[in-house]
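Analysis of the macromolecular model
Take a look at the letters that make up each chain.
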Amino acid sequence: MPTRWIAIVAGLTLMGNCQADELRFVTEDFPPFTYASATATADRAAGPFVEIVEAVCARMGVDCPVQLLPWRRALALAEMGEVDGIFTVIRSPERERAFHLTRMLVTSRYGVYARSSSRFVFHRPQDLAGRSVAVYGPSGTSFVLGQHLAEVSDVTLILKADNRRLLRMLEAGRFGEQGVAVVNQDVAWHLIDQERLLDIHEAGELQAVSYAIGLSRAAVSEAEFARFNDALEVLIDEGSIATILRHHGLEPAF
């Protein structure tokens, strides 16, 4: 083989073996899973999912900054490949088209919440007929809720961009006498306690949900995702990921 062709092949081989030295992640204010760091700038994220990503990246020898953004902006950046990864994400056709997904890492539940004075009890989706239902979205929560409401008539769906504001509005009666909200249980309990929302009760459980980490298909190759996922699986096998989640009072999904 001529010398110049050897050089070209060698260069292509080096390019193929090149690995990213930084993976940039975005997330949202979604306590207790992710939230703003109390010791850094306002857009610096903290929480168990941040700790998981940092542990995986440390094992890979890769720097992984995590920026806290409003969910719609974070999702748009990740879908377009302007950042490398995002969390927390559910498994859905839309998310799987846009992202390489890790295995589900934490299990939670969606709850239905009402003002305590309403005495509303939720058993099945048909109980929401005739009601205004507020939900954080567009999000995994609103996607799942939409599936449950597909055959329920006379429901007014209200999308809000912030769970904290949504629960405050529910307590204040802003969704009317028949108003309820669907919120992740762990998030709701955290915010009800933090915001001291005394006139809200959990009326019932909608369904279980699990969350993963997504790496953008527009920015991260299959090989690079496999490298990230392999490091994650080693930490799961060692028990490190379960320890992080349980430290924050969360339930591992594995």
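Just so it is clear, the model here is predicted, and its values are computed rather than measured. Each residue is numbered by its place in its chain's sequence as written, counting from 1. Given that this is a predicted model, residues contribute local features only at a pLDDT of at least 70 and side-chain atom pairs are listed and counted only at 80 or more, while totals for whole chains, interfaces and linings are drawn from all residues. Values shown for side chains rest on all heavy atoms present in the structure; no hydrogens or waters enter the calculation.

1. So, the overall build of the protein
Under the convention used in this document: Helix numbering and strand numbering both begin at the N terminus, where a helix is a DSSP run of H or I of at least 4 residues and a strand a DSSP run of E of at least 2. For every residue, the accessible area (1.4 Å probe, protein chains only) is compared with the maximum for its type, and the residue is labelled buried under 20%, exposed over 50%, or partly exposed between those bounds. In what follows, residue pairs with any heavy atoms lying within 4.5 Å of each other are defined as contacts. Positive residues here are Lys and Arg, negative ones are Asp and Glu, while His and the chain termini are left out of the count. Every charge is mapped to an atom, namely NZ of Lys, CZ of Arg, CG of Asp or CD of Glu.
Secondary structure assignment for the protein yields nine helices and 12 strands. Structurally, the protein occupies a C-alpha span of about 80 × 35 × 30 Å along its principal axes. Out of the 254 residues belonging to the protein, those deemed buried represent 49%. Long-range pairs, those at least 24 residues apart, make up 76% of the contacts in the protein between residues at least 6 apart in sequence. Here the protein contributes 24 positive and 32 negative side-chain charges, whose respective centroids are spaced 4 Å apart.

2. What about the confidence of the model for the protein?
Here is the rule: Confidence scores here are pLDDT values: one per residue, from the predictor, ranging 0 to 100.
Mean pLDDT over the protein stands at 92; residues scoring 70 or higher make up 91%. A low-confidence stretch, residues 3-18 (pLDDT under 50), is modelled with one contact involving residues beyond four sequence positions or located in other chains.

3. Observations concerning unusual backbone geometry
Leaving glycine out, the prevailing phi sign among residues is negative, and the prevailing peptide bond configuration is trans. Proline 31 connects to proline 32 through a cis peptide bond whose omega is 10 degrees. Its location among the elements puts proline 32 in the loop between strand 1 (25-27) and strand 2 (35-36). Unusually for a residue other than glycine, arginine 119 sits at a positive phi of about 55 degrees. For arginine 119, the position within the fold is in the loop between strand 7 (106-115) and strand 8 (132-136). When its relative accessible area of 72% is taken as the criterion, arginine 119 is described as exposed.

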